[in-house]
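A closer look at the structure
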Amino acid sequence: MKEHLIDGYYAATWPWRARFRQVRARVGLAPVMVLFYHRVADQNVTDWTITNDSFRRHLDWLQANLEVVTLAEAQHRIALRFNPRPCVAITFDDGYHENCDQAIGELIQRQMPATYFVTLDNVLTGKPFPHDAKLGIDARPNTVDQLREMVASDVIEIGGHSRTHPDVGSIRDTNTLHDEVIAATHELSSLIDQPIRYFAFPFGQHANLNDAAINLLRSHGIQGFCSAYGGYNFPGDDPYHIQRIHGDPELSRLRNWLTVDPRKVRGVSRYQPRYAKQAVAAGGSA
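Keep in mind the model is a prediction, meaning the values are calculated, not measured. Throughout this document, residue positions are counted from 1 along each chain, in the order its sequence is written. pLDDT decides what is reported in this predicted model: residues at 70 or higher carry local features, side-chain atom pairs at 80 or more are listed and counted, and totals for whole chains, interfaces and linings draw on all residues regardless. Side-chain measures were taken over the full set of non-hydrogen atoms in the model, leaving aside hydrogen atoms and water.

**Details of the nonpolar core**
Taken as a class, soluble globular proteins show a tendency for nonpolar side chains to be buried jointly. Just so we agree on the cut-off: Nonpolar cores are built from buried Ala, Val, Leu, Ile, Met, Phe, Trp, Tyr and Cys residues. Side-chain atoms within 4.5 Å join them into one set. Exposure categories follow from relative accessible area, calculated using a 1.4 Å probe and restricted to protein chains: below 20% of the type maximum is buried, above 50% is exposed, and the middle band is partly exposed.
By size, the foremost hydrophobic cluster in this structure holds 41 residues, and its most contacted members are Leu 62, Leu 107, Ile 158 and Leu 258. Counting 17 residues, the second-largest nonpolar core is a separate cluster that includes Leu 177, Leu 217, Ile 222 and Tyr 229.

**Focus on the pattern of salt bridges**
The cut-off we apply is this: Any Lys or Arg side-chain nitrogen found within 4 Å of a carboxyl oxygen on Asp or Glu counts as a salt bridge. Where helices and strands are cited, they refer to DSSP runs of H or I of at least four residues and of E of at least two residues respectively, numbered from the N terminus.
Inspection of every chain in the model, using the stated rule, returns 17 salt bridges. Between Arg 110 and Asp 60 there is a salt bridge, and its shortest N-O distance comes to 2.8 Å. Placement of Arg 110 in helix α4 (residues 103–110) and of Asp 60 in helix α2 (residues 52–65) is noted, with a sequence separation of 50 residues between them. Residue Asp 60 is classed as partly exposed on the basis of its relative accessible area, which comes to 42%.

**Some thoughts on the packing of aromatic side chains**
What counts, and what does not: Any two rings among Phe, Tyr and Trp, with Trp reduced to its six-membered ring, count as a pair given centres within 6.5 Å; such a pair is stacked if its planes are under 30 degrees apart, edge-to-face if over 60, and tilted if neither. Each ring is checked for a lysine NZ or an arginine CZ that lies within 6 Å of its centre and within 35 degrees of its normal; such an atom marks a charge sitting over the ring.
Scanning the model with the defined rule gives 14 aromatic pairs in all. With 6.1 Å between their ring centres and 85 degrees between their planes, Tyr 240 and Tyr 275 make a pair best called edge-to-face. Separated by 35 residues along the polypeptide, Tyr 240 in the loop between β9 (224–226) and β10 (241–242) and Tyr 275 in the segment after α11 (262–267) bring together distant segments of the chain. Taken together, the ring pairs connect Trp 16, Phe 20, Tyr 232, Phe 234 and Trp 257 into an aromatic cluster. The cationic tip of Arg 255 hangs over the ring face of Tyr 10; the distance from NZ or CZ to the ring centre is 3.9 Å. Above the plane of the ring of Tyr 9 lies Arg 263, whose end atom (NZ or CZ) is 4.2 Å from the centre.

Structure (C-alpha cells):
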C-alpha cells in the first residue's frame, strides 16, 4: 500500500482506532506491541535497512505517542493480564556493526531500552550475513566489544538469535537444534558475561518456528521467544511467545500498525506452540 493510500486508510479508520484504544485502556487491556529492526544505515539500503534519519523520526514518534518499555516489562504486562496504556518495546535482529554508528547511541542518549538479538557465528567470524552476501553488500556484523559496550550501557540487552541464522523450523536433528538454539545462546552469554533471557527465531514466520526448539528454550531457563510475522500482544495472551511488528522505514506504516490497524487485529493468526508438560514455564518480570 503506497504512503498516500495508507494515510487515507488511517484517517478513515481513526474513529474505530480511537474507540478501540479507549475501551481497551479503560479495562486495562491496552495492546503490548513489540517492534523489530535489523540494520540502521545510510548506504546500501535494503528491505531490512532503515536510514538514520528515518530511525530518529520513528523514535520521536514513539516517545510522543507511546510508553516505551523493556521487553521484560512488555512480557510482564502480558502475563499480568493488565496494561492501562498502549506500550511498545524495541528489538533488533542479526547484529549489524553500522547500528553502533548512530542508532544505538541515539537509544542510549534517549534512555530508550532495546533488546538486541545477535547471530553468534557472524559476531565471531566477522562474515556478512548470507542475505547481504547474496546482494553483494559488505555489511559487517557487530564485534564482541560492541556487544559488551551495549551491555555496559544498561539500556541495551543482548538476546540469542541462533548460531548460523538457519531456518530453525526445518531442523529435525536434535543435536543440530540444541547447538543452534541452546549451545550458541550459552556461548553468547559467556562472551558478554551477561545472562541471555530471550531468543528470537531467525526469519520468524510461522514456518520458521519450532516447538521442539521452544521447549528446549523453556527447559534451559530462557524467559521467552520472539516471532517476526506481525501481530499484537494483549494482556492475557501467552506471555512466553512475544509477537513482533516490523519497524517499516515509512513512518506512515509504523503509525498505522501502532495505533492498531483493525485489519491486522483480525487478520494475523497467532502461532500457538505445543508446550511439553515437563518444561518449566518462564513468567517474565519487569
